[in-house]
Amino acid sequence: MSVLQTASIGLQKRFGRQRLRKILLGTIPFVVLLAMWQMNTAMEWLPPVYIPPMASIWEAIYTLSEGCAGAGAVLSMQYECLFTNHILSSLGRVGLSLVIGIPSGITLGVLAGMSRRFAHALEPIGVFANAISGIAWVPLAIVWFGTGWLTTLFILLNTVFWLIFFNTLLGVRGVPRVYENSVMTMGGGRWAIISQVYIPGALPSIVTGVRMSMGFGWRALIAAEMIGGDSGLGFMIFVSAAEYKIEEVFLGVLVIAIMWMITDRLLLIPLERWTIQRWGMVWRPD
Amino acid sequence: MPAKLVVDRLSHHYPDEYTGEDVHALDQVSLSVEDGEFSAVVGPSGCGKTTLLNILAGLLPHTEGSVQVDGKEVQGPGPDRGVVFQEHAILPWRTVARNIGHGLEIQGIPKSEREQKVQEFIDLVGLSGFEERYPHELSGGMKQRCALARTLCANPVVMLMDEPFAAVDAQTRITLQEELNRIAIATRKTILFITHNVDEAAFLGDRCFIFSRRPGKLKATVKIDVPREKRIWKDLLSEKAYTDPRDEILRLVREEVFDDEE
Ligand SMILES: Nc1ncnc2c1ncn2[C@@H]1O[C@H](COP(=O)(O)OP(=O)(O)OP(=O)(O)O)[C@@H](O)[C@H]1O
Ligand SMILES: [Mg+2]
């Protein structure tokens, strides 16, 4: 038996045939894209100023890591390194916006979902704010906060908060009344209903809200960093493009996409699997 | 001693926001259920049975007439009145065991004590081995038994049950009816049991209230004089003390159905 066969059987045992097939199918488009990219470099269809060779992207990591002692420093995310610095500031903003946006969005969303009065008070402003959330705020935010952390965080929070707020609100409203009634007839008070009925009942919707807010927020952040930032991946792409360093732009775009995929796969999907899928509250894709 | 549940000239209207026409669901209903009595309620669909139950549970405020439990006017829901809802009210995000122990958890009973009680009720309704499952992994009948245990385990004084066995197969239904009878003997709870099934009403009830079509009025009351201990399906089917009142209930219900066709 060849090494390849042994490896293949080993992999199949490890992941299961179905899953392996799924992963393999998912990688096909990427492989095709990479192949075309490599072909382009070899055949010189489009010049390197438009599409840089793959190797130069790898080099860009080093160029951007000037002052860092090689790949080790880059990988260990030392703050002095330019590249990791950009990644860290983007990630830091996303993390901060989630730390602030999730609890506040859920709290106000639950309140508005359970109380008519809160809903009447918050819904119109929510619709208003949602319409201009995202990058429409950037010019105003720059006037208010200048370029830098505050502006980008403001844009990001504006997206994250309202999406989580609305999804929580809708989730709470969609929880069947009978669950609430059942807890009330067992003597449960308001807090029991919130923590044992509304929040778990709205969780499918809340998780969707978090996923959406990460998706939209990530994009809004990149845009905000381009115009109103002083660091971050968006800022890096913008500066590199102005300096015609196309390989750095490519690198930035790739990192943005990869980081998004990692958060989605490693954080959000497992969260879903351990809660609402376990409870049979979402359709299971398989 | 006054009766446990007293309903006096209770009427109920649902407002209709769209057509402006009120739905008249209950009309001047008066009835009472004694302490430890098992009462059954039958009546055509839409006659206001669930409405009555919701008012007794305190989930629906009443405006005309009075409703008293233990001599006190009902003003809201409380743990003295347990409800088994027409739709299964078991929380999808809690395991079977945690659903059944939910009432005790709300009452602040310590965990060790709770676990023992929960196990008792799991065994009682035959859900052993499914303690750690989630509701979506249960069959319809199992969900119903879980809902029953969930309400029983909270140990209410009065049980209000809304067609709890409607969605289960005939065999499970018979088992559950006999089980509920055993529970009624063991706990001496006051029970109001809504059903569409005439056999079920006569099998379980000490008394059966028959409602007319909407607006629901109390049409008749039929007494079933069979000692609880004798209520076992295989012995009862030929027992006159059971068949006579059952036929009487059936006649009264049929009257409601065919009334306007004459
Ligand atoms: N929330 C509501 N708003 C308006 N009308 C309602 C509401 N709930 C019930 N009704 C109406 O009141 C009447 C009585 O309803 P109820 O649910 O009490 O009937 P039921 O006797 O329990 O019927 P079933 O045996 O089918 O469960 C029905 O005509 C119904 O349409
Ligand atoms: Mg009903």
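Conventions we followed
Residues numbered from 1 in each chain as written. Chains lettered and ligands numbered in written order. Predicted model: local features only at pLDDT ≥ 70, side-chain atom pairs only at ≥ 80, totals over all residues. Heavy atoms only, no water. Pairing = 2+ DSSP bridges. Helix = DSSP H or I, 4+ residues; strand = E, 2+ residues; numbered from the N terminus. Axes fitted to C-alpha atoms, helices over the stretch in contact; angles between N-to-C directions. Contact = heavy atoms within 4.5 Å. Buried < 20%, exposed > 50% of the residue type's maximum accessible area, 1.4 Å probe, protein only. Near = heavy atom within 4 Å. Polar contact = N/O pair within 3.5 Å; in protein donor to acceptor, adjacent residues only side chain to side chain. Areas by Shrake-Rupley, 256 points an atom, 1.4 Å probe, with all protein chains shown as cover. Buried area = accessible area lost by both parts, 1.4 Å probe. Salt bridge = Lys/Arg side-chain N within 4 Å of Asp/Glu carboxyl O.

Peer 1: Describe the sheet that holds strand E8 (residues 190-194) of chain B, and please don't skip the residues or the numbers.
Peer 2: Sheets are built from strands that pair by backbone hydrogen bonding, the pairs being arranged parallel or antiparallel. Residues and elements named next belong to chain B. On the basis of which strands lie adjacent, the open sheet formed by 6 strands has the order E6-E7-E8-E3-E9-E10 and mixed pairing. Every other strand in the sheet has two partners, leaving strand E6 (81-84) and strand E10 (218-223) as the edge strands with one partner each. Neighbour-to-neighbour, the strand axes of this sheet turn through a mean angle of 15°, independent of strand direction. Pairing geometry for strand E3 (residues 38-42) and E8, over 4 bridges, is parallel. Residue pairing for E8: Ser-39 is matched across the bridge by Leu-192. Where helix H5 (residues 140-153) meets the sheet, its contacts fall on E6 and strand E7 (158-162), and the angle it forms with E6 comes to roughly 175°.

Peer 1: Describe unusual backbone geometry, naming the residues involved and giving the relevant values.
Peer 2: For the bond from B:Arg214 to B:Pro215, the omega torsion is -5°, close enough to zero to count as cis. Of note in this structure, A:Tyr244 is not a glycine but carries a positive phi near 55°. Of note, A:Tyr244 is situated in the loop between helix H11 (233-242) and helix H12 (246-277). The exposed category is assigned to A:Tyr244, whose relative accessible area is 76%. One non-glycine residue, B:Asn155, adopts positive backbone phi at about 55°. For B:Asn155, a relative accessible area of 51% gives the class exposed.

Peer 1: Go over the site of ligand 1 with me, naming the residues and quoting the values.
Peer 2: Residues and elements named next belong to chain B. Taken together, 14 residues sit near ligand 1, with Ser-45, Lys-49, Thr-50, Thr-51 and Arg-214 positioned nearest. Take Gly-46: an N or O atom from its main chain is 2.8 Å from an oxygen atom of ligand 1. The side chain of His-196 places a nitrogen or oxygen atom 3.0 Å from an oxygen atom of ligand 1. Burial of ligand 1 by the protein chains amounts to 66% of its free accessible area of 630 Å². For the shell around ligand 1, the elements supplying multiple residues, two or more each, are strand E2 (23-33) and helix H1 (49-57). Top element by residues in the shell around ligand 1 is H1. It accounts for 3 residues.

Peer 1: Requested: an account of the interface of chain A and chain B, with residues and values cited.
Peer 2: With 21 residues of chain A at the contact, the number on the chain B side is 26 residues. Surface buried jointly by chain A and chain B totals about 1,900 Å² across both partners, of which 69% is contributed by carbon and sulfur atoms. Applying the counting rule to chain A against chain B returns 0 salt bridges. Run the count over chain A and chain B and you get 4 residue pairs in polar contact (both at pLDDT 80 or more). Ranked by residue count, the leading element in the side of chain A that touches chain B is helix H9 (residues 177-185) of chain A, at 7 residues.

Function-wise, these values are silent; they only describe arrangement.
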